[in-house]
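In case you want the letters, here they are:
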Amino acid sequence: MPKALAPLYILSGLFALLLNFSRLRAAETRPTFLAALLIGSVLFFSLSWLWTIAPYETLRLILPITGLFILGLVIVILALDLNESERRLVCRSIVIGSTIGFVILFVEIFWPLKITSFFFSIFKGIEYQIDYTYKNALRNGANISALLVIPAAAVLWRSGNRYFTLGLILLALITLTNAKAGASLLALLVGLAAIAVTIVSGRYVRVLFSSLLVISALALPVVVQTLPTAGEIEERYPNLPNSVYPRIFIWQSTARYISENPFLGKGFNSSRSISKPGDRVEYFTKGVNPRGSIPIPLHPHSAILQIWLELGVVGIGIFLALLLTILKRIEQSISSLPMRAMAYGSFCSAFTIANVSYGIWQNWWISALWLTVAFTIIATKDDPPLTGKHEPTP
C-alpha cells in the first residue's frame, strides 16, 4: 500500500538522523539555500493562519509538514554524502526494488489482484471480492512505480547494462499502459521525453525547462478557464478516461476561487474547507448517467492550483524558487549528459504526477517525493560532486 510510505519514510528518516547525527554535522555538501526556502515556506504557512478560512486545518498540519521537511533534508544530505560502497548498495536496492515492484504490478494487472487476494485470504480468512473496478486499487502503486523507473534506469545505464535499461523501461511502459492509470503512464512518457530533449538540447535545456516551469505555474489558473467545460468535453469526447471530466470541473472551479484571493490565498491546507455538500453541481446532465461534484472535493488535484488557491502569488513564488533551485542543482552538479538527462526526466515525471493527482500536502505523497529526490541524487550524482559550471559531456 503506497500510503504506508509515510510511516516508513518517518522511521527511515529518524533512524538516519539518530545513527548519522555526527556525520550530518560534518557533511561537506549541504543544500543550504534549499533549507532556507523550506524554512521560509513553513513560516509563510504559519503566517497564513492570520487570514485562513480554516484555522484548525491550517494549524493541525504545520508540525507534520515541518517534520517531513526536516526528515527530507536529512535524507537528501545523506544521499549527497554516501561513500562509494554505500552508494553501490543503495543503487542495487533501487534496481531490485523497482523491478520487483513492476513484476508485482504486472501480475496484479494481468491476473486480477492475484497476490492481493492471496494475502487477503491468509490474514483475513475471507475471499477478496474483485469486480471490474479492480484496477482502481492499483493506481497509487502505479504512480509510485512510475517515479522509480528513471532512477533505476540511470543506475543500469551508468553500469553499462544498456539492454537491461531498455528492458526495464519497456516493462514499465507495458505495465502502466495496461494499468489504466493515466497519470503514471503520462508521467513516464513526459520523463522519457525530457530525457530525449536534454540529450538534444545539451547546455540550453535548463533554460528551456525553467522557462516552461515558470510559464506553466503562472499561466495555469488562466489557461484552465479557457478550456471547454467538463460537460462540453464529455459531450464531444465521451470515451476519454472517466477521471478526465471531474478533473476539468475541479480545476476550473479552483481557478475561480483563486481569483477571489490571488495575492495571499485562502490559507495553508484550506482546500478541503472551501466546498460543502450543498455546493454540488451537476456538470453533465445529458444521457442516462449525469455527473456531478462539489467544486473542490478535498483538494484540487494539482500542486500548482492548490498552492495558488491556498497561498496565492507569494506561495507560487516560493514554489518556483524551490523548483528552480533543483533545476540549477541538476545542471551544475552532474557532469555526465546521460545522467543529467535522467535527473531532468525524474524531475519532470514527479512534476507531472503532482499536477494531475493528489493533494500536495498529503503525507505519503510528500514522503514519496522526498524519496524520489534522494534516489535520483544517488543514481545520477557525480562522485565526488562537481561544483560550478561545466561543459556537457556524453
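Residues numbered from 1 in each chain as written. Predicted model: local features only at pLDDT ≥ 70, side-chain atom pairs only at ≥ 80, totals over all residues. Heavy atoms only, no water.

Asker: Sorry if this is basic, but what is going on with the packing of aromatic side chains here?
Answerer: For any pair of aromatic rings, the description rests on two quantities: the centre-to-centre distance and the angle between the ring planes. Applying the stated criterion across every chain yields a total of 13 aromatic pairs. Taken together, a centroid distance of 5.3 Å and an interplanar angle of 75° make the contact between Phe118 and Phe119 edge-to-face. Each member of the aromatic cluster is reached from another via a ring pair, and the members are Phe45, Phe268 and Trp361. A cation over a ring is seen here: Arg162 above Trp157, with NZ or CZ 4.1 Å from the ring centre. (Phe/Tyr/Trp six-rings, centres within 6.5 Å; stacked < 30°, edge-to-face > 60°. Lys NZ or Arg CZ within 6 Å of the ring centre and 35° of its normal.)

Asker: Where do I start with the nonpolar core in this structure?
Answerer: Side chains that are nonpolar tend, in soluble globular proteins, to be buried together. Residues Phe45, Ile65, Leu176, Phe268, Trp361, Trp365 and Trp370 are the most contacted members of the largest nonpolar core, which totals 109 residues. With 14 residues, the single largest contributor to this core is helix α13 (residues 303-333). Residues contacting Trp361, with those up to four places away along its chain left out, are Phe45, Leu61, Ile65, Phe268, Asn269, Gln306, Ile307, Glu310, Leu311 and Ile366. Within the second largest apolar cluster, six residues are counted, among which are Ala16, Leu24, Val74 and Leu78. (Core = buried A, V, L, I, M, F, W, Y, C linked by side-chain atoms within 4.5 Å. Buried < 20%, exposed > 50% of the residue type's maximum accessible area, 1.4 Å probe, protein only. Helix = DSSP H or I, 4+ residues; strand = E, 2+ residues; numbered from the N terminus. Contact = heavy atoms within 4.5 Å.)

Asker: Before we go on, may I ask you to explain the environment of Arg203 in this structure?
Answerer: Within the secondary structure layout, Arg203 lies in the loop between α9 (182-201) and α10 (205-226). Judged by its relative accessible area of 46%, Arg203 falls in the partly exposed class. Spatially, the C-alpha atoms of Arg203 and Ala219 are 26 Å apart, while their sequence positions differ by 16 residues.

Asker: Got a minute to help me understand unusual backbone geometry in this structure?
Answerer: The general pattern is negative phi for most residues beyond glycine and trans for most peptide bonds. Phi at Lys180 takes a positive value of approximately 55°, unusual for a residue other than glycine. Within the secondary structure layout, Lys180 lies in the loop between α8 (162-178) and α9. Exposure remark for Lys180: the relative accessible area of 57% places this residue in the exposed category. Notably, His301 is not glycine yet its phi reads approximately 60°, a positive angle. Within the secondary structure, His301 sits in the loop between β2 (291-293) and α13. The exposure class assigned to His301 is buried, which follows from its relative accessible area of 16%.

Interpretation note: all reported values are geometric properties and have no functional meaning in isolation.
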